[in-house]
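# Architecture at a glance
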Amino acid sequence: MIWQFDFLILALGVICALASISLKDLLSAAIVFGAYSFLMCLLWTEMGAVDVAFTEAAVGAGVSTVFFLAAVFHTSRIVQPRRRGRMLHKLVGLAAATGIGILLISATADFPNWANPNSPASTHLSPFYITETIPLTGVPNIVTSVLADFRGFDTMFETAVIFVAGLAVVSILGRYGRRLRDYEPSPVGEDVAHQSPIIQAACRIFVPFMQLFALYVVAHGHHSPGGGFQGGVILGASFILVAISYDLRVMQRRLQERRAMLFSSLGVLIYSGIGALCLLMGANFLDYSILHTILPATSPIMARSHGMLGVEVGVALTVMSIMVIIYVNVASYGKSDRGL
Amino acid sequence: MISPEQYPVLIVVIPLLSAFLISILGGMDKRFCYPATLLALGGSLAAAVATLCLVADHGIIHYRMGGWAPPFGIEYVVDYLNALVLVVVVFVAFMAAIASKVSVEEELPHKIPQFYTLFVLLTTGLLGMTITGDAFNLYVLMEIAALTNYALIAMGRKRALMASFNYVVIGTMGACFYLLGVGHLYIMTGSLNMADILNILPHLYGTNAILVAAILMLMGAWIKMAFFPMHGWLPNAYTYAPSATSSLVAPLMTKVSVYIMIRVMFSVLGAVYVFKVLPVKELIVWLATAAIIAGSLFALAQKDFKKMLTYLIVAEVGYMVGGVWLATAQGITGAILHIVNDAVMTLCLFLFAAIVVHKTKGHQLSNLQGLFKKMPITMAAFAVGALSMIGVPPTAGFFSKWYLILGGIDAGQWQFVVALLFSSLVNAVLFFRIFEIAYYEPESAQHGHGESVAIDEAPLSMLLPLVVVAITIILLGLYSGEIVTTFIQHAVPAGI
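Residues numbered from 1 in each chain as written. Chains lettered and ligands numbered in written order. Predicted model: local features only at pLDDT ≥ 70, side-chain atom pairs only at ≥ 80, totals over all residues. Heavy atoms only, no water.

## Quick notes on the overall build of chain B
The helix and strand tally for chain B stands at 20 helices and two strands. On C-alpha atoms alone, chain B measures out to a radius of gyration of 22 Å, which is about the 23 Å that the 2.2 N^0.38 rule sets for 496 residues. Within chain B, the fraction of its 496 residues that count as buried is 67%. Taking all contacts inside chain B whose residues are at least 6 apart in sequence as the whole, residues at least 24 apart take part in 80%. (Helix = DSSP H or I, 4+ residues; strand = E, 2+ residues; numbered from the N terminus. Rg over C-alpha atoms; globule rule 2.2 N^0.38 Å. Buried < 20%, exposed > 50% of the residue type's maximum accessible area, 1.4 Å probe, protein only. Contact = heavy atoms within 4.5 Å.)

Written out as structure tokens, the structure is:
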């Protein structure tokens with residue numbers, strides 16, 4: 001921990017946060033917000049939370065910036081000035097924010113110091129996780145074992161949250177199944193001038209490596225930072241990259257929106273299905289150790305490790321397809337046409 | 001066969017798995033969605049009732065997710081309080097699902113699979129929030145319930161989008177407050193398990209961090225339940241939502257949030273802390289009083305039937321919050337009983353509203369003209385719900401209000417008692433005005449008096465749940481003594 005470095009990151013983060021809420025140009029605001037996410041990612045790496053930093057880099061600085069850009073593209077780039085000055089609203093907002101800020105700062109006085117080994121968080125549950133993870137689950141990455149086994153039930157619902165987010169976008173914007181009566185040409189002309197051969201060639205070279213890396217992240221989540229969420233986002237991002245460098249149609253030839261919807265349900269179904277399988281075999285829900293009776297050549301402990309791999313695959317499938325679904329719907333305003 | 005120890009988890013797992021199956025199979029053939037939804041919620045209801053019986057016979061049930069002992073893993077705890085709330089939640093969802101068939105086909109013909117997937121997931125979220133014994137798991141399920149809720153509301157007509165967006169902004173702040181509160185508790189105690197936190201907290205009661213955690217968690221619950229003056233998002237969101245959505249969320253969202261408030265107060269922070277250490281209980285009863293009076297007055301001013309009902313919800317939230325913070329056994333009993341009763345009463349009124357929207361294509365008060373002659377059974381069932389809202393014995397609403405009034409007298413909080421009586425009076429005015437419109441005013445001015453009107457009842461799939469709910473209201477009233485002695489009196493914390 002180098003406090004000068006942390007201080008610099010934190011200061012830059014605050015500047016980015018303030019800039020992104022005060023910029024009138026939404027495109028710049030989205031980009032500055034991406035920078036903010038990246039600074040947060042650095043801060044988390046500094047704290048040693050590499051898995052979280054990885055997710056923040058992939059989701060916060062990566063795809064969510066693309067989603068914001070697509071949304072800005074279809075709505076308005078410049079914030080419209082309000083005609084009536086709402087001084088009262090602003091004052092009430094300022095007072096509420098200040099009040100909560102004072103509350104939060106007043107609480108920090110009671111907190112243990114940063115990285116204090118005697119803090120409750122380090123002494124209460126952590127020793128158990130640190131000493132027992134390998135004997136009980138056979139997984140070297142403690143974060144993965146906490147995320148996918150000890151608290152795997154939370155992670156199952158987190159995956160369901162991602163699924164719901166995609167489904168919500170589809171149910172609000174999506175028009176498949178409906179006649180495209182109000183079909184209008186997309187804002188950017190359909191001319192080929194936007195299709196740069198350099199970008200396309202770069203994309204063609206880039207995508208296979210991205211996908212390979214994503215699969216590595218999913219499969220190697222037990223041993224190193226990473227796992228289903230990060231791998232799924234990178235996989236989804238590879239499809240989004242195709243959609244940006246070519247257009248949505250080209251991407252949809254590889255992964256149709258309907259099929260993505262199917263995959264997204266399937267992913268969460270794999271996760272909850274593994275849980276339910278344990279239940280049907282007589283153990284508690286998500287108690288993977290019982291799976292050793294059907295998995296060949298495993299002990300109850302290795303069965304936990306394999307069970308985690310199974311659910312991580314489910315997570316990756318859902319996250320990948322939902323990233324694609326959200327991008328397709330936001331970028332094409334629900335029409336699934338050529339997109340941006 | 002599945003052993004009884006697994007019943008608690010089945011309440012959540014059955015609808016969870018079914019939601020994804022509905023999404024997959026419903027995408028292929030949308031006729032599959034409705035029966036699958038009924039099966040899922042029916043299965044969950046059976047598991048919830050079985051769990052309720054287990055709790056009544058053997059006491060509190062603990063269930064370890066993944067076989068890990070708490071506080072290392074997540075546990076489900078079914079005690080006398082949430083066993084009851086679980087049955088209410090899934091019963092309401094089941095009835096709302098039965099009634100949804102016609103209105104979904106009519107209002108959302110292109111989005112049937114999405115609707116039912118979200119509907120079942122929303123129910124899963126509410127059930128998961130109710131059953132869990134882990135403070136962070138509660139937050140995850142809160143996210144599920146909230147996101148599905150935003151989407152289900154936004155599926156309504158034009159104004160629903162804006163209403164839903166307001167709800168997204170405010171609701172996210174509520175969830176964020178709750179999460180920050182849990183974060184503070186984790187930093188201070190190192191645990192996320194509710195029972196574990198409750199054990200560790202007493203030696204930290206004096207610290208500022210715990211005070212902030214308590215404020216944040218309670219604020220989160222209050223925003224989520226639309227406690228006055230944080231109710232701004234509710235009326236429009238529930239008014240412009242599709243009928244089938246409002247029949248599910250209007251009775252449940254606020255009630256489950258009240259349950260969460262009670263859970264946070266008694267099972268995380270501890271009754272001693274919230275009533276003895278925090279010097280705020282009188283202030284909050286005053287706020288609840290304001291909620292009841294403001295909600296009732298706003299309801300009086302409405303011309304839109306559905307919007308009037310939404311303001312009544314704001315008033316009812318005041319009943320329950322006030323009842324809990326009276327800090328007397330009677331008041332807390334009344335508040336918990338009112339969670340049960342109000343969920344069923346509100347369901348009755350919103351099922352009726354769905355029928356009105358289906359039959360007359362609108363939800364203004366003027367749409368109710370002449371309905372007594374056209375739909376006698378529907379109106380009779382609605383009348384039961386309305387009388388229960390007013391608090392006429394032997395309907396359920398009377399008994400919970402009775403406990404609340406007794407609690408108010410015990411605590412010497414007379415302003416709360418006055419507000420309860422005032423709200424009953426306003427409800428009487430409102431509902432008798434509706435009876436008058438529906439009974440005396442002919443459908444339109446052109447029709448002459450004495451003209452016979454053909455009976456035009458609601459479709460069976462909407463009528464049946466409404467009648468069942470009306471009968472339930474009367475049964476809940478008749479058996480309220482048993483409910484209190486078997487369940488609620490064990491849920492009231494000792495020594496207050």
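## Describing the overall build of chain A
Scanning chain A for helices and strands turns up 13 helices and zero strands. Ordering the α and β elements of chain A from the N terminus gives α-α-α-α-α-α-α-α-α-α-α-α-α. Referenced to the eigenvectors of the C-alpha coordinate spread, the extents of chain A come out at roughly 60 × 50 × 40 Å. Considering only intrachain contacts with a sequence separation of at least 6, the fraction spanning at least 24 residues in chain A is 70%. With an accessible surface of roughly 17100 Å², chain A has 70% of that area assigned to carbon and sulfur atoms. (Areas by Shrake-Rupley, 256 points an atom, 1.4 Å probe, with all protein chains shown as cover.)

## Some words on the pattern of salt bridges
For side chains bearing opposite charge, pairing can occur when the charged atoms are close. Scanning all chains against the criterion turns up 10 salt bridges over all chains. Here A:Arg304 ties to A:Asp149 by a salt bridge, and the two come within 3.0 Å at their closest N and O atoms. Of this pair, A:Arg304 sits in helix H13 (residues 300-331) while A:Asp149 sits in helix H7 (residues 142-150), and the two are 155 residues apart along the sequence. By relative accessible area, A:Arg304 is classed as buried at 7%. With relative accessibility at 4%, the residue A:Asp149 sits in the buried group. The salt bridge involving B:Lys101 is made with B:Glu105; its shortest N-O contact spans 3.5 Å. Residue B:Lys101 and its partner B:Glu105 are both found in helix H3 (residues 80-107); the two are separated by four residues, about one turn of the helix. A relative accessible area of 45% means that B:Glu105 is categorised as partly exposed. When salt bridges that share partners are traced, they join A:Asp149, A:Asp287 and A:Arg304 into one network. (Salt bridge = Lys/Arg side-chain N within 4 Å of Asp/Glu carboxyl O.)

## Details of the confidence of the model for chain B
For chain B, per-residue confidence averages 90 on the pLDDT scale, and 97% of positions sit at 70 or higher. For chain B, the element scoring lowest by mean pLDDT is helix H15 (residues 371-374) of chain B, at 82; helix H5 (residues 135-154) of chain B scores highest, at 94. (pLDDT = per-residue confidence, 0-100.)

## Here we look at the nonpolar core
Core analysis: the biggest nonpolar cluster contains 278 residues, and A:Phe285, B:Tyr238, B:Met261, B:Phe305, B:Trp325, B:Phe382 and B:Phe431 have the highest contact counts within it. Sort the elements by how many residues they give to this core and H3(B) lands first, with 21 residues. Residue contributions to this core reach at least three from each of two domains, namely domain 1 (1-78) and domain 3 (125-180 + 194-340) of chain A. With six residues, the next largest nonpolar core counts A:Leu125, A:Tyr129, A:Phe150 and B:Trp68 among its residues. (Core = buried A, V, L, I, M, F, W, Y, C linked by side-chain atoms within 4.5 Å. Domains from an automatic or database assignment.)

## As for the packing of aromatic side chains
Residue and element names in this part refer to chain B. Per the counting criterion, the structure on display carries 39 aromatic pairs over all chains. On the basis of an interplanar angle of 85° and a centroid distance of 5.8 Å, the ring pair of Phe275 and Trp325 is categorised as edge-to-face. One end of the pair, Phe275, is in helix H11 (residues 271-277); the other, Trp325, is in helix H13 (residues 305-325), and 50 residues separate them in sequence. Chaining the aromatic ring pairs together yields one cluster made of Phe305, Phe352, Phe372, Phe382, Phe431, Phe432, Phe435, Tyr439 and Tyr440. The positively charged end of Lys101 is found above the aromatic ring belonging to Tyr34, 5.5 Å away from the centroid. (Phe/Tyr/Trp six-rings, centres within 6.5 Å; stacked < 30°, edge-to-face > 60°. Lys NZ or Arg CZ within 6 Å of the ring centre and 35° of its normal.)

## A word on the domain arrangement of chain A
What the domain assignment reports for chain A is domain 1 (1-78), domain 2 (86-116) and domain 3 (125-180 + 194-340). The C-alpha-based centres of domain 1 of chain A and domain 2 of chain A are spaced at 21 Å.

## Looking at the interface of chain B and chain A
In this assembly, 63 residues from chain B lie in contact with 55 residues from chain A. When chain B packs against chain A, the two sides together hide about 5000 Å² of surface, and 73% of this comes from carbon and sulfur. The largest per-residue losses of area from chain B upon contact with chain A belong to B:Phe20, B:Trp68 and B:Phe72, which jointly make up 16% of the total buried on that side. Counting every contact that joins chain B to chain A gives one salt bridge. For the interface between chain B and chain A, the tally reads 15 residue pairs in polar contact (both at pLDDT 80 or more). Those elements giving two or more residues to the side of chain B that touches chain A turn out to be helix H1 (7-28), strand S1 (61-64), helix H4 (112-131), H5, helix H6 (158-189), helix H7 (194-200) and helix H8 (208-225) of chain B. By residue number, the principal contributor to the side of chain B that touches chain A is H1(B), which donates 12 residues. (Buried area = accessible area lost by both parts, 1.4 Å probe. Polar contact = N/O pair within 3.5 Å; in protein donor to acceptor, adjacent residues only side chain to side chain.)

## A word on the pairing of S1(B)
Residues and elements named next belong to chain B. Of the two faces of S1, only one is covered, namely that formed by Ile61 and Tyr63; the face formed by His62 and Arg64 stays uncovered. One ladder, built from four bridges, connects S1 with strand S2 (residues 75-78); its direction is antiparallel. Directly across from His62, in S2, lies its bridge partner Val77. (Pairing = 2+ DSSP bridges.)

## Points about unusual backbone geometry
All names here are of chain B. Cis peptide bonds are those with omega within 30 degrees of zero, and the linkage from Pro70 to Pro71 qualifies with 0°. Note that Pro71 resides in the loop between S1 and S2. At the junction of Pro393 and Pro394, the peptide bond is cis and its omega measures out at 5° in the coordinates. Tracing the backbone shows Pro394 in the loop between helix H16 (376-390) and helix H17 (396-411). Located in the positive-phi region is Ala226, a residue other than glycine, with phi close to 60°.

## Describing the environment of B:Gly331
Residue and element names in this part refer to chain B. On the secondary structure map, Gly331 appears in helix H14 (residues 329-360). Judged by relative accessible area, which is 0%, Gly331 ranks as buried. Sequence separation of Gly331 and Leu404 is 73 residues, and the distance between their C-alpha atoms is 4.9 Å. In this structure, Gly331 is in contact with Gly323, Val324, Leu326, Tyr403, Leu404 and Gly407, ignoring residues within four places of it in sequence.

## Focus on a nonpolar patch on the surface
Taken together, the side chains of A:Leu262, B:Leu21, B:Leu25, B:Met28 and B:Phe32 make up a nonpolar region of the molecular surface, amounting to roughly 420 Å² of accessible area. Here the nonpolar patch takes three residues from H1(B), the largest share from any one element. Mapped onto the secondary structure, A:Leu262 falls in helix H12 (residues 257-280). Classification of A:Leu262 by relative accessible area gives partly exposed; the value is 32%. (Patch = residues over 30% accessible without salt bridge, like charges linked within 9 Å, V, L, I, M, F, W, Y side chains within 5 Å.)

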